[in-house]
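The chain contents come next:
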Number of protein chains: 4
Amino acid sequence: MLKEVKVPVSGNLFKNNASYCVGTGRMGLALQKEYIDHLKIAQQSIHFKYIRGHGLFCDDVGIYRECEMDGQIYPFYNFTYLDRIMDTYLENGIKPFLELGFMPEKLKTGDNTVFYWKGNVTPPVSFEKWAELITATLTHLIDRYGREEVVTWPIEVWNEPNIVFWAGTMEEYFKLYDYSAEAVKKIDPRIKIGGPAICGVETEKWLRAFFEHCIENDSPLDFITRHCYTADQQTDRGHYIYHTLNDPTYMIEELKETRRIMKDYSRIANMPLHITEFNSSYVPICPVHDMDFHAAYIARILSEAGEYADSYSYWTFSDVFEELDVPKSVFHGGFGLIALNSIKKPTFYAFEFFSKAGKELLYRDEHLVITKNDDRYVIIGWNYKDVKGDKEYSDEVYELLLPAIGEQAIAVKKEVGGQHANPMKTWSNLGKPRSLNKEQLDILKNSAEPLQTDDRLIEQEGIYKMELKIPCNHLCMVEILPVTDNTDTYLGYNKEEFYGM
Amino acid sequence: MLKEVKVPVSGNLFKNNASYCVGTGRMGLALQKEYIDHLKIAQQSIHFKYIRGHGLFCDDVGIYRECEMDGQIYPFYNFTYLDRIMDTYLENGIKPFLELGFMPEKLKTGDNTVFYWKGNVTPPVSFEKWAELITATLTHLIDRYGREEVVTWPIEVWNEPNIVFWAGTMEEYFKLYDYSAEAVKKIDPRIKIGGPAICGVETEKWLRAFFEHCIENDSPLDFITRHCYTADQQTDRGHYIYHTLNDPTYMIEELKETRRIMKDYSRIANMPLHITEFNSSYVPICPVHDMDFHAAYIARILSEAGEYADSYSYWTFSDVFEELDVPKSVFHGGFGLIALNSIKKPTFYAFEFFSKAGKELLYRDEHLVITKNDDRYVIIGWNYKDVKGDKEYSDEVYELLLPAIGEQAIAVKKEVGGQHANPMKTWSNLGKPRSLNKEQLDILKNSAEPLQTDDRLIEQEGIYKMELKIPCNHLCMVEILPVTDNTDTYLGYNKEEFYGM
Amino acid sequence: MLKEVKVPVSGNLFKNNASYCVGTGRMGLALQKEYIDHLKIAQQSIHFKYIRGHGLFCDDVGIYRECEMDGQIYPFYNFTYLDRIMDTYLENGIKPFLELGFMPEKLKTGDNTVFYWKGNVTPPVSFEKWAELITATLTHLIDRYGREEVVTWPIEVWNEPNIVFWAGTMEEYFKLYDYSAEAVKKIDPRIKIGGPAICGVETEKWLRAFFEHCIENDSPLDFITRHCYTADQQTDRGHYIYHTLNDPTYMIEELKETRRIMKDYSRIANMPLHITEFNSSYVPICPVHDMDFHAAYIARILSEAGEYADSYSYWTFSDVFEELDVPKSVFHGGFGLIALNSIKKPTFYAFEFFSKAGKELLYRDEHLVITKNDDRYVIIGWNYKDVKGDKEYSDEVYELLLPAIGEQAIAVKKEVGGQHANPMKTWSNLGKPRSLNKEQLDILKNSAEPLQTDDRLIEQEGIYKMELKIPCNHLCMVEILPVTDNTDTYLGYNKEEFYGM
Amino acid sequence: MLKEVKVPVSGNLFKNNASYCVGTGRMGLALQKEYIDHLKIAQQSIHFKYIRGHGLFCDDVGIYRECEMDGQIYPFYNFTYLDRIMDTYLENGIKPFLELGFMPEKLKTGDNTVFYWKGNVTPPVSFEKWAELITATLTHLIDRYGREEVVTWPIEVWNEPNIVFWAGTMEEYFKLYDYSAEAVKKIDPRIKIGGPAICGVETEKWLRAFFEHCIENDSPLDFITRHCYTADQQTDRGHYIYHTLNDPTYMIEELKETRRIMKDYSRIANMPLHITEFNSSYVPICPVHDMDFHAAYIARILSEAGEYADSYSYWTFSDVFEELDVPKSVFHGGFGLIALNSIKKPTFYAFEFFSKAGKELLYRDEHLVITKNDDRYVIIGWNYKDVKGDKEYSDEVYELLLPAIGEQAIAVKKEVGGQHANPMKTWSNLGKPRSLNKEQLDILKNSAEPLQTDDRLIEQEGIYKMELKIPCNHLCMVEILPVTDNTDTYLGYNKEEFYGM
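Not measured: the values here are computed from a predicted model.

> Explain the overall build of chain A to me, please; I cannot follow it from the model alone.
Counting its secondary structure elements, chain A contains 11 helices and 27 strands. Across its three principal axes, chain A shows a C-alpha extent of roughly 95 × 55 × 50 Å. A burial count over chain A gives 66% of its 501 residues as buried. In chain A, 75% of the contacts between residues at least 6 apart in sequence involve partners at least 24 apart. Surface summary for chain A: the accessible area is close to 17600 Å², and the carbon and sulfur share equals 47%. Side-chain charges of chain A comprise 54 positive and 76 negative groups, with the mean position of each set lying 1 Å from the other.

> How do you make sense of the state of the cysteines when you look at a structure like this?
Covalently bonding the sulfur atom of one cysteine to the sulfur atom of another cysteine gives a disulfide. Tallied over the entire structure, the rule returns 0 disulfides over all chains. In this model Cys199(A) remains outside any disulfide bridge; the closest cysteine sulfur is found in Cys228(A), 10 Å from its own. Note on Cys199(A): relative accessible area 9%, which makes it buried. For the unlinked cysteine Cys476(B), the closest cysteine sulfur is that of Cys472(B), found at 13 Å. Given the relative accessible area of 2%, Cys476(B) is considered buried.

> Would you take a moment to explain the pattern of salt bridges for this structure?
A pair can form between side chains of opposite charge whenever their charged atoms are brought close. For the coordinates displayed, the defined rule picks out 165 salt bridges over all chains. Of the charged contacts, one joins Glu204(B) and Arg208(B) as a salt bridge, the two residues approaching to 2.9 Å between their closest N and O atoms. A residue pair is termed a helical-turn pair when its members lie 3 or 4 positions apart in one helix, as Glu204(B) and Arg208(B) do in helix 6 (residues 203-217) at 4 residues. With its nearest N and O atoms 3.5 Å apart, the salt bridge here joins Lys356(D) to Glu352(D). Among the charged side chains, a network of salt bridges with common partners joins Arg52(A), Glu99(A), Glu156(A) and Glu277(A).

> Looking at this structure, I do not really get unusual backbone geometry. What am I missing?
Only a minority of non-glycine residues have a phi that is not negative, and only a minority of peptide bonds are not trans. Residues Trp315(B) and Thr316(B) are joined by a peptide bond in cis, for which omega reads 20°. Examined against the element boundaries, Thr316(B) turns out to sit in the loop between strand 17 (311-314) and strand 18 (338-339). Cis geometry is adopted by the peptide bond preceding Pro196(D), which originates at Gly195(D) and carries an omega value of 0°. Residue placement: Pro196(D) occurs in strand 12 (residues 193-198). Positive phi, normally seen in glycine, also occurs at Ala197(A), with a value near 60°. Examined against the element boundaries, Ala197(A) turns out to sit in strand 12 (residues 193-198). At Ser342(B), a residue that is not glycine, the phi angle is positive and equals roughly 65°. Position of Ser342(B) relative to the elements: it lies in the loop between strand 18 and strand 19 (343-344). Given a relative accessible area of 14%, Ser342(B) falls into the buried group.

> Can you walk me through the relation of the copies chain C and chain D in this structure?
Between the two copies of this chain, the relationship is a rotation about some axis together with a displacement along it. Taken as rigid bodies, chain C and chain D are interconverted by a rotation of 180° and an axial shift of 0.0 Å, the fit giving an RMSD of 0.0 Å. The relationship between the two copies is best expressed as a two-fold rotation axis. For chain C, the minimum C-alpha distance to the rotation axis belongs to Leu451(C) and amounts to 3.8 Å. Comparing contact sets, 100% of the residues at the interface of chain C also lie at the interface in chain D, consistent with an isologous, same-surface contact.

> Would you mind going over the relation of the copies chain B and chain C with me for this structure?
Mapping chain B onto chain C calls for a screw motion: a turn of 180° about the axis and a shift of 0.0 Å along it, with 0.0 Å RMSD after fitting. An overlap of 97% is found between the interface residues of chain B and their copies at the interface of chain C, pointing to a shared contact surface.

> Looking at this structure, how should I read the pairing of strand 22 (residues 376-382) of chain C?
Regular strands have side chains that alternate between both faces of the sheet. Residue and element names in this part refer to chain C. A large share of strand 22 lies buried, amounting to 7 of its 7 residues. The side-chain alternation of strand 22 yields two buried faces, one formed by Arg 376, Val 378, Ile 380 and Trp 382 and the other by Tyr 377, Ile 379 and Gly 381. As judged from the 6 bridges shared by strand 22 and strand 27 (residues 475-482), these two strands associate in the antiparallel manner. Considered in strand 27, the bridge of Trp 382 is made with Leu 475.

> Sorry, what's going on with the sheet that holds strand 26 (residues 463-470) of chain B here?
As a general point, the strands of a sheet are linked pairwise by backbone hydrogen bonds and lie either parallel or antiparallel. All names here are of chain B. Taken in spatial order, the 3 strands make up an open sheet running 1-23-26, and their pairing is mixed. Bordering the open sheet on either side are strand 1 (2-6) and strand 26, each of which pairs with just one other strand. This sheet shows a mean twist of 20° between the axes of neighbouring strands, independent of strand direction. Pairing geometry for strand 23 (residues 396-403) and strand 26, over 8 bridges, is antiparallel.

> Please clarify how the interface of chain C and chain D should be interpreted in this entry.
How big an interface is tends to be reported as the loss of accessible area on association of its parts. Between chain C and chain D, the contact holds 59 residues from the first and 60 residues from the second. Where chain C abuts chain D, roughly 5600 Å² becomes buried across the two surfaces, and 53% of that area is made up of carbon and sulfur atoms. The closest approach of N and O atoms between Glu439(C) and Arg376(D), which form a salt bridge, is 2.7 Å. Here chain C and chain D share 32 residue pairs in polar contact (both at pLDDT 80 or more) between them. Mapped onto the side of chain C that touches chain D, the elements with two or more residues apiece are strand 15 (240-245), strand 24 (408-416), helix 11 (423-429), helix 12 (438-447), strand 25 (451-458) and strand 27 of chain C. Classifying every residue of the side of chain C that touches chain D by side-chain character gives 23 nonpolar, 21 polar and 15 charged.

> Sorry, what's going on with the sheet that holds strand 27 (residues 475-482) of chain B here?
Residue and element names in this part refer to chain B. What the 7 strands build is an open sheet, ordered 2-20-21-22-27-24-25; its pairing is antiparallel. Of all strands in the sheet, those bounded by a partner on one side alone are strand 2 (12-13) and strand 25 (451-458). Where helix 10 (residues 346-355) meets the sheet, it contacts strand 21 (368-373), strand 22 (376-382), strand 24 (408-416) and strand 27, and its direction lies at approximately 30° from that of strand 27.

> Please clarify how the packing of aromatic side chains should be interpreted in this entry.
Describing an aromatic ring pair means giving the distance of the ring centres and the angle of the ring planes. Per the counting criterion, the structure on display carries 175 aromatic pairs over all chains. Ring geometry for Trp158(C) against Trp166(C): centres 5.0 Å apart, planes inclined by 75°, an arrangement best described as edge-to-face. Looking at Trp158(C), the relative accessible area reads 0%, which means it is buried. One Lys or Arg, Arg434(A), reaches over the ring of Tyr490(B) and ends 3.9 Å from the middle of that ring.

> Whenever I open this one, the interface of chain B and chain C confuses me. Can you help?
Contact residues are listed per partner, giving 36 residues for chain B and 35 residues for chain C. Buried surface at the junction of chain B and chain C, summed over both partners, amounts to about 3000 Å²; 49% is from carbon and sulfur atoms. Area buried by chain B at its contact with chain C is led by Phe76(B), Tyr81(B) and Arg84(B), which between them contribute 16% of it. At the junction of chain B and chain C, the tally comes to 6 salt bridges. One salt bridge connects Arg237(C) with Asp70(B), and the closest N-O pair in it is separated by 2.8 Å. Applying the counting criterion to the chain B and chain C interface returns 26 residue pairs in polar contact (both at pLDDT 80 or more). Contributing elements (two or more residues each) for the side of chain B that touches chain C: helix 1 (33-45), strand 5 (64-69) and helix 2 (80-91) of chain B. Tallied by class, residues from the side of chain B that touches chain C come to 13 nonpolar, 8 polar and 15 charged.

> Got a minute to help me understand the UniProt feature "active site" (unreviewed entry) in chain A in this structure?
Residues and elements named next belong to chain A. UniProt records the feature "active site" (unreviewed entry) for Glu 160 in the present numbering. Looking at where Glu 160 falls in the secondary structure, it is placed in the loop between strand 11 (155-157) and helix 5 (170-187). A residue is classified by how much of its surface remains accessible, and Glu 160, at 5% relative accessible area, is buried. Not counting residues within four places of it along the chain, the set of residues in contact with Glu 160 comprises Phe 165, Trp 166, Ala 197, Ile 198, Cys 199, His 227 and Glu 277.

> What am I meant to see in helix 6 (residues 203-217) of chain D here?
All names here are of chain D. Taking 1.5 Å of rise per residue, 15 residues should cover 21 Å, and helix 6 covers 21 Å from first to last C-alpha, within 8% of that figure. Every buried residue belonging to helix 6 is among Thr 203, Trp 206, Leu 207, Phe 210, Phe 211, His 213 and Cys 214, and all of these are buried. Angular distribution of buried residues about the axis of helix 6 spans 160°; they occupy a single face of the element. Next to the buried residues of helix 6 lie helix 5 (170-187), strand 12, strand 13 (223-229), helix 7 (249-263) and helix 8 (266-269). Positive backbone phi, at 55°, marks Asp 218, one or two positions downstream of helix 6.

> Can you walk me through the pairing of strand 15 (residues 240-245) of chain D in this structure?
Residues and elements named next belong to chain D. Taking burial as the measure, the 6 residues of strand 15 include 5 buried ones, the bulk of the element. Two elements, strand 14 (residues 231-237) and strand 15, share 5 bridges in a ladder whose sense is antiparallel. Residue pairing in the sheet places Asp 236 in a bridge with Ile 241 of strand 15. A loop of 2 residues connects strand 14 with strand 15, the two strands running antiparallel in sequence, and Gly 238 in this loop sits at a positive phi of about 55°.

Rules and cut-offs
- Residues numbered from 1 in each chain as written.
- Chains lettered and ligands numbered in written order.
- Predicted model: local features only at pLDDT ≥ 70, side-chain atom pairs only at ≥ 80, totals over all residues.
- Heavy atoms only, no water.
- Helix = DSSP H or I, 4+ residues; strand = E, 2+ residues; numbered from the N terminus.
- Buried < 20%, exposed > 50% of the residue type's maximum accessible area, 1.4 Å probe, protein only.
- Contact = heavy atoms within 4.5 Å.
- Areas by Shrake-Rupley, 256 points an atom, 1.4 Å probe, with all protein chains shown as cover.
- Lys, Arg positive; Asp, Glu negative; His and termini not counted.
- Charge placed at Lys NZ, Arg CZ, Asp CG, Glu CD.
- Disulfide = S-S within 2.5 Å.
- Salt bridge = Lys/Arg side-chain N within 4 Å of Asp/Glu carboxyl O.
- Least-squares fit on C-alpha atoms with pLDDT ≥ 70 in both.
- Pairing = 2+ DSSP bridges.
- Axes fitted to C-alpha atoms, helices over the stretch in contact; angles between N-to-C directions.
- Buried area = accessible area lost by both parts, 1.4 Å probe.
- Polar contact = N/O pair within 3.5 Å; in protein donor to acceptor, adjacent residues only side chain to side chain.
- Nonpolar A, V, L, I, M, F, W, Y, C, P; charged D, E, K, R; others polar.
- Phe/Tyr/Trp six-rings, centres within 6.5 Å; stacked < 30°, edge-to-face > 60°.
- Lys NZ or Arg CZ within 6 Å of the ring centre and 35° of its normal.
- UniProt positions renumbered as here; feature names shortened; annotations may be inferred.
- Expected span 1.5 Å × (residues − 1).
- Arc of directions from axis to C-beta.

What follows is the structure in C-alpha cells.
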C-alpha cells in the first residue's frame, strides 16, 4: 500500500549520535594490521569521533611492570604499545573514550579472568597503586599528545561491574570509582569521568545505588554509562550461539527507562547518557550480526536513540576480535561492522547512512527519516521484519512530495539487502570458505557494495514527486542534490542522438 | 521467447584476440599523469599485450634534432621523452606496436599537417636520413631495453597513407616502406615489419598494389595491416559529429573480404592480419562511443573477429586524446574506453569480459558465446539493437544446460547497461558538468561499475540449468566456478537461523 | 681563521620570503606525471605558497576556441585542462600567481612566437575579446574553486613586455594592462593586480613609464613586478650556453635600485615588490644551475632579498621544462631545483633550509644567518667562492656562542657540497647517462641527500659553544633543539656498556 | 699500515648463505602492522629466502581447539591466523622454515612455560594427537598454497629441547621427533625434516645421541640443526643484561666442531647443517645488538660461516619481539636488525651487504672479502675491535689492485659506523626518548642511512688502483660497476665550465 508523505519545508534538529562512538575488542588488537585496515575503512566512510574498548591496563598492552635491582622493587610504566595504539587512533581521526580496566597481573588480588584473552577482573591489591597507575598513564598521555587534546577524552571506570566482569562487590566498585575519579580530576578537572558501565542486569538497583553513592560522597561524575543488548532467547550449538531478537524498539524503551530513573536525582537528571555498548546479540558467534536484515534492524534504533542518549556505541566496528577465541571463518557471527578481509557487512551501511544524515529532521516514522542539510535531502529507509519461520513479508512503499530545492535535482539511491551489500549470502554461495583466495575476495568485496542507482527529479509546482519502495529487510539511503543543467552549453547537442538515456 | 541451449562438453579453440592490441592518441600524451592513470586501469583489468599510437617521430616527442656549432650541423637524437614513454608502457605490462611516423620538422618537405597537434605528413627530404632516424631509434631502444625484448615489438610503416595522412603518392609510400623495412631488418631480421596501414578508402586497390610491390621487389613483409570503422552516415553539428552505424557484422564482412584479397597471393595468404585501428565512428566527438549499447555492439564484433584477424586494436583506450582539440567535457563522444577522470565507459567491459574468456569455444550465436577454461565457464552475452527512432525493443532469454563441473557451482554475473555501468546517463542526470567536483566523481565512479549478482548452481543429472536474460542493449558476463561446500564443517550450523539467505 | 660570534638572546623579524613563490615552465606541463612528481617533492619539503608560470592562455592549455554552426561563430572557453592544472596545484598546497598571457591563436595579430612551444606574443585582435577571455576565465575559476579562494590569487599582466615577449609597443602594453586590470577588478575588486613584469633591460625607463601611466590614468595597481638574473658574460657552445656570474649581491643591489625608483612615487613607494623570476643564468642549458656551489650562491641571495622584495620566485622548481626544447639528458643545465627523474639538485636545499628558518633574526653576515623560533635555533651557512680558473679557496670557520635553551640540546647538521647532495658529480662518475636505469637512479637519489650528522650540546654558564666549519662552496643548516635527557629512567643503565658512543 | 692486495682475475664459488634464513619471535607477531612494516623493509633490501620462529602451535595462533556439542568433543583446527601469517610471509617473498612447537593448551601435560608470552613446553597428552595436528596443518597448507610450494618448506622439530624449552627427557624428545617426522613424510616424502634444534649446552652429547637414534631407528632425517650464540660473561642490571663477547671466530670454531661430530656418521656426514639461530648475546635486552661495532662483528661471521653451514639464521630480523616482555623503548638491546619505528640498526647492513656479494670469491682475509659477479666487484670490509675499557684502536687500510672490467668504472662506497648508520648514537643525543615524535623519527631515519660516496676508477695497465680505509668498528661495502663514458656525445661540453667536479 502506497503511503503519501507531504514533507514540510523545515523541521527541528535531528538528534543523531550514530557516529559519536564505536566499540572495539581489547585495545591490544589495535597493533594488528588487519585491525588498522578495518579502522581506516570505518573512518573513511563513517568518521566515528570516539572509540571505546577493553583492556587498557591488561598485560598484553603491558603498561604496569615491576623490576627488581639490588634487592629493591621498582615500578615501571611501559607505554610502548599504548603509544602505538593511540597514534593509530589519532592518525585515523578517532579519539579514545577510555575505559579504566582490567587489572594488571602485578596488582591483582585473585585469578578470576574473562575472555579467551584472560582479562583479570579482581580488585587491586592497593587502591593507591591503582590510582598511581591512572596518574602515570594520564600524565604520559598529556606529555605525548598535549593537555588540550587529552582533556577531550572521556573516561569510564571499569566495565559491567554488575556481572562477572568484576570479582568484587558493588561497594568495592564504588571505591574503585572514587579512587579513579579523584586521580583523574587531579590531573585535570576538565577531563570528564563517568560510570557505572553496567549491562542490563539489575540495572535499576545499580543505577540508583551508584547515583546515591556519588551524591552522598560528592564524587566527581560527569556522565552516566550503561550497555544495552536487544537479544532475547539464547540457544547454544557447537560453534554458534543463536538468539531470537526483541523488536528494535526494545532498546528505545530501555533508554527511556534509564532517563526516567535519572530524572529522580536532580544532580543526575540532565547529565549526558552514554550507551557505551549496544548491539542485538551479545555474543560474537551469532549469525544475526552478519545478515542483511540486521542493517534494517539497527537503522530503526539509530533513527530514534539520539532523543534519549548522547551516544550509543555499537559493539564493535571490526571482527578483529577475540573474546571467545580467534574467529574461525570469514563469517562467524562476529560483532563487527567489517568482516575479516575488510569486507563490509550490511550493518556497516546503517552507520554510514546515518553519519550522512542532515541536521534537520523533516519527517520520521517507523521506516523512514527524511532529513535536510542546507543544500540537500538525505532520506534513510529501512524495513525490518522478523521473517523467521512462516511470518509474513511485505514491502514498504512511499510517495514522497518534497519541497523543491532547485528546478532540477538528482536522486542517488543506495540499497542494501537481498542481492546487494549482502556478502554473507555470496560467501554461502561460494561454499563458505574459511579463508579466502584472491578471486573469492574480489567477488565478496564487489558483493559487499550497495546498489547505486540515480534519477532525475524535475520541480513541478514547487514539488519533487518521488516513489520510494523499501523491500522487506532492506535498508536504503537517497540523497537528493540540486543540479545545474548545462545541456544548453553543448553546441549542437541533439537529444535524439543520445538514445536510450 | 526462451531459447534453450544444450552446451556440449568440449569445443574448439576460441580465436579471441580482443586483448592483443589497443590504440592510443599521439605517444607524447603518455607523459601525462591522467593518461598513465587510465593505462593502469586498462592493464589491471584487460591486460592488453600491445599498444599502438601515432606520433613517434613528431616534434613533441622530440627525437630528431639538428644543432649548429662552429658552422657545422650535427644531427642529434633526443630520447628523453621516448624513454619515459617506453618505461611507462613496460612498467604497465604493455609493449609498443610501433608505428613509424609522422615527419619531424627538420625532415619535412612541406607543411601539410593533420590534427590539432599538427603532425606533419609530408615525405622526408632524404630517405636516407629517414632510415638513419629509424636506425638510431631502434639501436637506442635495444641499448636500453635489451635486444630480446625489442625484437618482440612489431613495426608498422606510417598511418593511412591512402588518405590525408600522407602527402605523397602511393609510390612514394612504397619507397618509404622499403627504406623503413630495410633499416629495420638491418637492425635485427627478427623484428616483424608490416603495412600498408590503410583505412577503408580504395582498400582493394591499395592492398593489391602493396602486395604486388612487396612481392616484385622482395621487400621484407611479415604482416598486413589495415583499419576498419563501421560508421555509416555523418552529420556535423557544433561540437558534435553524429553517425548512423552499420550493423556490427559489417566489420566481420570487411575482414573476410581482406582475407579473400590476401588469398590471391601465395606469399601473403597466410600472413597475420592486424587491424591496427577499429571502432564504430571514426571521430572523437560522436556520442555513440560513450553509450551503453556500444558495449553490446562492440561485443558482437569481438565474438567473431578473431576468426579472420590476428588483432583488432580498438581506437582508443583513453579519452586523453587530442586529435580534434582538447576534450571539452567529461563525456564528449571520445574514442576512449575510459573517460576523463578515470571513469570506465560501458565498452570498457566488452574488452574486460573478452579478456577473461576461456580458451575453448563451446557455443556461439548472434548474442552469446559460451567458453571454458580448465576449471570454469565464461559466458558472454550481448543484445545490440538499433533502437533509434521507433524501432522495436526486445530482450534475449536463454535457458542454458551446462555440463556440470562439480556438484555445486557459483554463477557470478556482471551486467552492463541501463542503470548499471552507464556513467553517461548518471552524468546527464548530474546536469552534464564539464569538470567534476569530488562528490560528482564519486557518484560517477560508482555508477560506472557493472551490477554483480550471484547464484548457486546444483548439479542435476550431470547438468547445471541456468536462465540468462539479456535486456536490450545490455552486455553481461557470467563466470561459473566450481565450489566446495564446507557447510558441514560448521559445527552447530542451523540453516533456519540463517534466514533470508 | 676562526670567527667568534656571540649570538644575542633576541633579534628582529627575519624578512624571509624564500618560499613565497616559485616559477614553472608553461602551465600545460602541469599535466605531466613527472612534473607532478616534482611538485609533490618540492611541496613536501619547501611548501611554496604560490607558483607562477607562462602560457595560461596558450593553445596547449586550450582555453579560447571558436566554433561555427549554421554559419554563425560561437566563442567557447574550454577549461578542461585549466581545471586539471589548478586541481593539481591546489591538491599540492600551492596557489597560482596568475600571469595573463600569451595570445591564443584565434586572437593573435601576428605570428611572432617565443620558445620551442611557440607562445604567440602579439597584441590581441580585439582588446574587448581579450578582456572577455579574462572575465570568462576568472568567472569559471570562482565557480569551481570559490570566490574567497580565488581572490587570494595575485594576477600579473603578461611577461617581459620590454623584450621579445611582446610584439607590441610599450603603449600597447599599457593598454593591455588597463583592459586586463579593469576586467579583473570588475570580477572582484579584492583580487590583486600588478605589472609590468619586465626583465632587466631598460628597467628604469619601463618602471617609471608604467608608474606614471598608472598614476595618470588611475589604473588599478596593487603590486610591482620585475625579473632579475645575475649572469654576466655568455658563451654559446653546441648544446650549452655558458655564463660567468656576477656576485650574488648584484641581485640585492638591483632590488635596492628598484625600491629607490618606487620611492619617487608616493602611490607606489610602499607597494609590494614581487620579483616574479630570478636565477643566476637566464638560460635552461647552463651548467651552473646543476652545481653544488650554486646552492651557496643562491643562499646568499635568500639571506637578504626579503629586506627589499616581498617575493623572489626562483625560475624554476623543476627541469620538466621546454623553452629551448625537450631536455636532452638528466643533467643539462636546466633551471629546476629538481632534475629529471626526481633528483634534487643542490640548490633545492637552499630553499628547503630557508623555508625552515626561524622568525627571529639573531645574527647575519656574508656567510651565515642565525635565526630562532620559540623552541629552537636554525642556522644556515654558505660559502660561495668563484673558484673557476686558479682562484683561491678557503673555508669559513666560526665559533658560535649561543644562549642556551635548556640544559642539553641536539645540533643536527645537514651539509650540501662536494661528496654530499651533489648528484651531478656522481652522474658524471656514472659516465653521464642521458636516461637512467634503475640502479643508476638509486645511486643518484642517494647521492642527492645532504649529509646529516648530530652532536650533543651541553649548557655551560648559560651558553652552548659550537664550532661550525663551512667548506668552500658548501651550504649547511644546523638545527638546535632542546632535549630532555631520560637516561636516568633506564634502570640499570651503565655507560661503560654503551661503548663507542 | 697500508696493506697491498693484488686481486686475482678469478676465484672459487663464494659459499655465502647470509640471506638464506632469518629468525623471528613468536609467529603470532606477524599479525602486527609494525612487524609487517619491518618485514617489508628487510625483504626489500636483503631478500631472505626463509623465516623461522617459535609458536606455530601456541594458543595465540590458535590452531588446536576442541568443542563440545551434545556431550561429544570435536577437535577443530582453526587456521584463520595461520593463513594470515603465511599470506604475509609469501606476499613479502619469504617462505616459512617451520618449527613444530610449542604445545597447545588442550594437548599439554603440565604447566611449564617459557617467555612472557607463556609458550607451553610439556610433552603432549597423546603423541597421536600431536601427529594429527601436524597432519591437519600440513594438509591445510597444501590445500591453500599448493603442494609444490609447501614441499619447499623445511620442517624442524621443536626448539632447544636440551634446556628449559622442553619439559620432557631426551628420549621423549626423540619420540616427539619420530612421531613428527613420520607424520610429515606421510604428507609428502619430499618435505625436508630435521633436528635436534639444540642450543650450545651439552651439544656433543645431544648431537651424538640424536644421530644414533635416527640411524638405529631409521628415522627420517634430512638436515641437522643447532643454535649458536657467541656471548661470554653475563651481568644482570635492572632492565638490562650485559654481555662480554667472544671473538666472532668463536662461532666459526663451533661450526667446525659440529661438522667434525657429523663426520663420524656416514649417513649424517654430508647432510645440510642449518644454524637455526645465531647472534652474539642470547638476550633481547643487551645493548650490543644496537651498536655500530656489532655490524663489523657479525660481518666477520658472515664472511666465513658459509664454508661450514648451509644457513645461519640471525635471531631476529625485528625488534617486534616479546620474549622477555614488551620492549620498553626504541632502543633497548633487542635482537632485531630493525628497531621499533622501522629504524635500521647497523647490523642490518651487514646482511644487506652480504646479500649483494658476488658469486665468486677473489680474496678473503680477517677484514675483507672481495667478490665478483659477471659485471661487477662487490667488496665488503669490516674492522671489529673490542675497545671496551682501554683497549687500543686502529684503522685497517688497504691498497687494492683490481683487474679492470672496462676503461672506466665507478666505485660506490657505503659506510656504517661512527656518525653514519648509527641511530642509537643519535637517539642518545636526542635524550633517549622511549617513544618518538615525528621530528625525532625523521632525524633518526636519516641517521640510520649509510654514508654513500663515489669515485671514478680509470684503468691503467689493466688495473684499477683503489685505497680503502676501514675505521675501527666500521663496516663498508664498495660496489665497482663498469661505466660507459658518454661525455663526447655532449656537444659543446667544456670541462672548465663544470668546475669543482
